[in-house]
Amino acid sequence: MTLELEITLAEALIERKALKERLESLEERVTASARVQEGDTPAEDPAELMAQFDAAASEMEQLIVAINRTNLATPLAGQEGWSLMEAIARRDMLTLRQEAISEIIDASRTTRAHWAVTRSEVRTVATVDVAALQRQMDALAKERRELDARLQAANWTTKLMA
């Protein structure tokens, strides 16, 4: 399969998602057809399904290389010196930080399950400044949304590279 290079990066990302779903479907179908009761025939030919899987996997490989090449070579508008690849890494780390702070905030909150049932129960208290963590998480969320919007705009205006 030869990649159609007159597509945008966004279209390539949509195609990558569709290929991933196709590969998952083919894997399920070949697995279901890999073993049958003696004397029966499988609903689908496992060899044909494997051939389709291999072709889709090769197409996926080419597409991923083209997407990664494009992400590395394309500068992000409004962010001096950053490629799309660097912006994607930054967005991923913003998401990771948000999730970690959210977990800390959740862990610090008192719920009925943590309330003392008897007088001998030990009382727990938060050891973090929840309000400060919430402000930090809100700032991270804003930066991530703004960065994601710029990435989405770039995806729709950038042509996929060979």
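Residues numbered from 1 in each chain as written. Predicted model: local features only at pLDDT ≥ 70, side-chain atom pairs only at ≥ 80, totals over all residues. Heavy atoms only, no water.

Brief notes about the overall build of the chain
(1) Moving on: Counting secondary structure elements, the chain contains four helices and zero strands.
(2) Moving on: Helices (α) and strands (β) of the chain occur, in sequence order from the N terminus, as α-α-α-α.
(3) Moving on: Its C-alpha radius of gyration of 24 Å places the chain more than 25% over the 15 Å reference for a compact globule of 162 residues.
(4) Moving on: Viewed in the frame of its principal axes, the chain has a C-alpha envelope of about 70 × 60 × 15 Å.
(5) Moving on: In the chain, which comprises 162 residues, the share counted as buried stands at 25%.
(6) Moving on: Here the analysis covers contacts within the chain between residues at least 6 apart in sequence; of these, 77% occur between residues at least 24 apart.
(7) Moving on: Taken together, the 20 basic and 28 acidic charged side chains of the chain have centroids lying 12 Å from each other. (Helix = DSSP H or I, 4+ residues; strand = E, 2+ residues; numbered from the N terminus. Rg over C-alpha atoms; globule rule 2.2 N^0.38 Å. Buried < 20%, exposed > 50% of the residue type's maximum accessible area, 1.4 Å probe, protein only. Contact = heavy atoms within 4.5 Å. Lys, Arg positive; Asp, Glu negative; His and termini not counted. Charge placed at Lys NZ, Arg CZ, Asp CG, Glu CD.)

A short note on the pattern of salt bridges
(1) Moving on: Following the criterion strictly, the structure yields seven salt bridges and no others.
(2) Moving on: The salt bridge involving E143 is made with R90; its shortest N-O contact spans 2.7 Å. Residue E143 is located in helix α4 (residues 130–157), and its partner R90 is located in helix α3 (residues 84–108); the two are separated by 53 residues in the primary sequence.
(3) Moving on: Note on E143: relative accessible area 31%, which makes it partly exposed. (Salt bridge = Lys/Arg side-chain N within 4 Å of Asp/Glu carboxyl O.)

Re α3
(1) Moving on: In a regular helix each residue adds 1.5 Å, so 25 residues correspond to 36 Å; α3 covers 36 Å between its end C-alpha atoms and thus fits that length.
(2) Moving on: Along α3, the positions that sit buried rather than exposed are L84, A87, R91, L94, Q98, I101, I105 and S108.
(3) Moving on: Along its buried surface, α3 packs onto α1 (9–33), α2 (46–73) and α4. (Expected span 1.5 Å × (residues − 1).)

What about the packing of α3 against α4?
(1) Moving on: Direction vectors running N to C along α3 and α4 enclose 155 degrees, while the axes themselves pass 9 Å from each other. The angle between α3 and α4 places the two elements in the roughly antiparallel class. In terms of crossing hand, the pair formed by α3 and α4 is left-handed. (Axes fitted to C-alpha atoms, helices over the stretch in contact; angles between N-to-C directions. Parallel < 35°, antiparallel > 145°, perpendicular 65-115°, else oblique. Left-handed = near helix turned anticlockwise from the far one by under 90°.)

Let's talk about the environment of L26
(1) Moving on: With respect to the helices, strands and loops of the structure, L26 is situated in helix α1.
(2) Moving on: Once the C-alpha coordinates of L26 and V125 are considered, the two residues, 99 residues apart in sequence, prove to be 52 Å apart.
(3) Moving on: Apart from the residues lying within four places of it in its own chain, the contact partners of L26 are L49, Q52, F53 and A56.

Considerations on the side chain of N155
(1) Moving on: Mapped onto the elements, N155 comes out in helix α4.
(2) Moving on: With relative accessibility at 9%, the residue N155 sits in the buried group.
(3) Moving on: In this structure, N155 is in contact with T8, L9, A10 and L13, ignoring residues within four places of it in sequence.

Regarding the environment of M161
(1) Moving on: For M161, the position within the fold is in the segment after α4.
(2) Moving on: Each C-alpha atom, one on M161 and one on L151, is 17 Å from the other, the two residues being 10 residues apart in sequence.

Points about α2
(1) Moving on: Taking 1.5 Å as the rise per residue, α2 with 28 residues should run 40 Å; its terminal C-alpha atoms sit 40 Å apart, in good agreement.
(2) Moving on: Buried residues in α2 make contact with α1 and α3.
(3) Moving on: One side-chain oxygen of the residue at the start of α2 lies 3.2 Å from the amide nitrogen of A47, identifying that residue as D45. (Polar contact = N/O pair within 3.5 Å; in protein donor to acceptor, adjacent residues only side chain to side chain.)

Some details on the environment of A126
(1) Moving on: Within the secondary structure, A126 is located in the loop between α3 and α4.
(2) Moving on: Sequence separation between A126 and I104 is 22 residues, and the spatial gap between their C-alpha atoms is 10.0 Å.

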